[in-house]
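Next come the chains, spelled out residue by residue.
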Amino acid sequence: MRAFLPARADWSAATPRDVLAGVTVAVVALPLALGFGVASGLGAAAGLMTAVVAGALAAVFGGSSLQVSGPTGAMTVVLVPIVARFGPGGVLTVGLLAGVLLLCLAVARVGRFVRYVPVPVVEGFTIGIAAVIALQQVPAALGVPAPDAHNVVVGAVRAFGAGPVWPAVALAGGVVVVMLAGARWKPAVPFSLLAVVAGTAVAEIWSLPVARIGALPASLPAPSLSFLDLGALWSLLPSAVAVAALAALESLLSATVADGMSVNQRHDPDRELFGQGIANVVTPLFGGVPATAAIARTAVNVRSGATSRLAALVHAATLAVILLAAASVVGRIPLAVLAGVLIATAVRMVEVGSVRVLVRANRSDGAVLVLTAVATLALDLVTAVVLGIVVAGALALRAVARSARADVEPLEAGDHTEEERRLLAEHIVAYRLDGPLFFAAAHRFLLELSEIASVSVVVLRLSHVSTLDGTGALVLRDAVEKLENRGITVLLSGVRDEHRRQLEVHGVRMFASTPEAIEHARNHLRQNGTLP
């Protein structure tokens, strides 16, 4: 456990710039925390409390010096159906269970495996999340109650049919325009906060008939386990698994992005899972929703000059001060304004350039990206990621299997060296197998070998076989038996040490080098009278 605990070295890189970076991130995170809290169904106070508690704990115990954690849009998408089915207590219980699962994943050292998630899956997942977040905000942006719908697309369509409240539409649209235009003009300026302040001021000055966030607690709540329903734990476990999987995936991807944006920073994936586990175990005790690292806030942190965990800690402390000192002011923010913030955030989540490159560069990558995005919108996030990984893996296996080949084209004198022509005259042919020989390529390999004819001895050169699994070894043995049943002797040469044991079990004759195998073949042909 010592590897997961904070150390003095974690703070050795702290500088005064971290304080400024932390305040800057807090300014950006405030409207997002409020908006995601409202969107989750537990209210703005829950979102703000999540940013404070989870932000501080993940900063201290996490595996990245630059990560900023809190409520996120992706997590909100998962929480909405849990709230609808189990209520607020179910969400808090799911968060605690997910935290325990994340601690188990950290101890099991599974953090390193996130690097195997294909980029098209990540991009498609991001596009799907962005679409879901934007569609979730349609009712609030139109100023109408959220309709009861099992799907965000259906809910958005029904919201349009309810008739918009035009002041709410104007506020939401104005915030979207200010944020998107401002981000292109001055990326370093926190236009999200400026848009929230301006939208709230307009609503107050003209007394617009729009819904507000409502009263926030004027003090930090005491920790409590009163929400925990032991009888519902088994029913909530599948939701907890989904939340833990999403928290692990989003946090580790965010940490990878942070490493790429910095110079000397490298995160510890298993410790990052541990930090997120601690954060999600404790945050529900204070009424907060499940949390994860946030790519957007982490990017702001890095760009603001952060060099250590102090920046994320200052971010959490700043939000705590805002919660304690300005709760009444924050409660006057219109819901339509927060809807505009989240819609603009969803638009900015999609990297159009990366998507265009993936779609144009490779048809398979484009198909995986589209499939993952559509599945995220139509099903749920974890199912979409699993489906994307499975399809991407299947396409990758197909590509790798196609790369495996045996040179079995018709042999003509003009295509080969003198040595090869002499071997053909002696009824001997040597084929070199290239690439992996595993379950996905084995059937094709067997069909190719079955076409060999008009020779007495076949030497299979395996020095270029990169992978050989049990299926490949079994198919190779079957191919040898089929050829020998036709009177063709098969010899193997250049077998790698790591492949030799699998082939020895099947009793296939192997030689260290191709010249040795050819010499053995000539002696065999002399003995049976084929050669003089």
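What you are looking at is a predicted structure, and each value in this text was computed from that prediction instead of being measured.

Enquirer: Quick question: what am I supposed to make of the environment of L5 here?
Expert: Within the secondary structure, L5 is located in the segment before α1 (16-40). Sequence separation between L5 and F274 is 269 residues, and the spatial gap between their C-alpha atoms is 9.0 Å.

Enquirer: What am I meant to see in helix α12 (residues 310-325) here?
Expert: Along an α-helix, a turn takes 3.6 residues, which lines up residues three or four apart on a common side. Here α12 contains 16 residues, and its C-alpha end-to-end distance of 22 Å stays within 8% of the 22 Å for a straight helix at 1.5 Å per residue. All of the buried residues in α12 are A311, A312, V314, H315, A316, L319, A320 and L323. Next to the buried residues of α12 lie α1, α2 (44-61), β1 (69-70), α11 (295-303) and α13 (327-330).

Enquirer: So what exactly am I meant to see when it comes to the packing of aromatic side chains here?
Expert: Describing an aromatic ring pair means giving the distance of the ring centres and the angle of the ring planes. Taken as a whole and judged by the stated rule, the model has 3 aromatic pairs. Between W185 and F191, the ring centres sit 6.3 Å apart and the planes meet at 45°, which makes this aromatic pair tilted. Overall, F191 belongs to the buried group, its relative accessible area being 13%. Cluster of aromatic residues (ring-pair linked, three or more members): F4, F61 and F274.

Enquirer: Quick question: what am I supposed to make of a nonpolar patch on the surface here?
Expert: Together, V202, I205 and W206 give the surface a local cluster of nonpolar side chains, amounting to about 350 Å² of exposed area. Within the secondary structure, I205 sits in helix α8 (residues 191-205).

Enquirer: Can you walk me through the nonpolar core in this structure?
Expert: Ranked by size, the top nonpolar core spans 86 residues in total, and within it L34, V243, L319, I333 and L381 carry the most contacts. Apart from the residues lying within four places of it in its own chain, the contact partners of V243 are M75, V78, L79, I82, V94, A98 and P290. Core analysis: the second largest hydrophobic core is formed by 21 residues, V465, L492, L503 and V508 among them.

Enquirer: Before we go on, may I ask you to explain helix α14 (residues 335-349) in this structure?
Expert: Look at α14: 21 Å from first C-alpha to last across 15 residues, which is about the 21 Å you get at 1.5 Å a residue. Of all 15 residues in α14, 11 are buried, a share of seventy percent or more. All buried positions along α14 are accounted for by A336, V337, L338, A339, G340, V341, L342, I343, A344, T345 and A346. Looking at the buried positions of α14, the neighbouring elements they touch are α1, α4 (119-136), α5 (138-142), α7 (166-185) and α8.

Enquirer: Hey, could you run me through the pattern of salt bridges in this one?
Expert: Pairs may arise between side chains of opposite charge once their charged atoms sit close together. Applying the stated criterion to the full structure yields 10 salt bridges. For the salt bridge of E484 with R509, the shortest nitrogen-to-oxygen distance reads 2.9 Å. Of this pair, E484 sits in helix α20 (residues 470-485) while R509 sits in the loop between α21 (497-504) and β8 (510-511); the two residues are 25 residues apart in sequence, bridging distant segments of the chain. Residue class for R509 comes out partly exposed when judged on its relative accessible area of 36%. The network of salt bridges with shared partners includes D10, R271 and R309.

Enquirer: Honestly, the confidence of the model for the chain in this entry has me stumped. Any pointers?
Expert: Detailed reading of the predicted coordinates is not advisable wherever pLDDT falls low. Of all residues in the chain, 92% attain a pLDDT of 70 or more, and the chain-wide mean is 84. Every residue in residues 407-416 is under pLDDT 50, and counting partners more than four places away or in other chains gives 11 contacts.

Enquirer: Explanation requested: the layout of surface pockets in the structure shown.
Expert: Once rolled over the atoms, a probe with the size of a water molecule shows which space is left empty. Roughly 1,600 Å³ of volume is contained in the largest pocket. Residue lining of the largest pocket: 49 residues in total, with I295, A296, A299, R348 and E351 positioned closest to the centre. The biggest single contributor to the lining of the largest pocket is α4, with 7 residues. Residues belonging to the lining of the largest pocket are distributed by class as follows: 32 nonpolar, 10 polar and 7 charged.

Each value, and the rule that gives it
- Residues numbered from 1 in each chain as written.
- Predicted model: local features only at pLDDT ≥ 70, side-chain atom pairs only at ≥ 80, totals over all residues.
- Heavy atoms only, no water.
- Helix = DSSP H or I, 4+ residues; strand = E, 2+ residues; numbered from the N terminus.
- Expected span 1.5 Å × (residues − 1).
- Buried < 20%, exposed > 50% of the residue type's maximum accessible area, 1.4 Å probe, protein only.
- Contact = heavy atoms within 4.5 Å.
- Phe/Tyr/Trp six-rings, centres within 6.5 Å; stacked < 30°, edge-to-face > 60°.
- Patch = residues over 30% accessible without salt bridge, like charges linked within 9 Å, V, L, I, M, F, W, Y side chains within 5 Å.
- Areas by Shrake-Rupley, 256 points an atom, 1.4 Å probe, with all protein chains shown as cover.
- Salt bridge = Lys/Arg side-chain N within 4 Å of Asp/Glu carboxyl O.
- Core = buried A, V, L, I, M, F, W, Y, C linked by side-chain atoms within 4.5 Å.
- pLDDT = per-residue confidence, 0-100.
- 1 Å grid on protein atoms, 1.4 Å probe; cavity = no way out; pocket = protein on both sides within 12 Å on 5 of 7 lines; lining within 4 Å.
- Points joined across faces, edges and corners; volume = space filled by probe spheres on them.
- Nonpolar A, V, L, I, M, F, W, Y, C, P; charged D, E, K, R; others polar.

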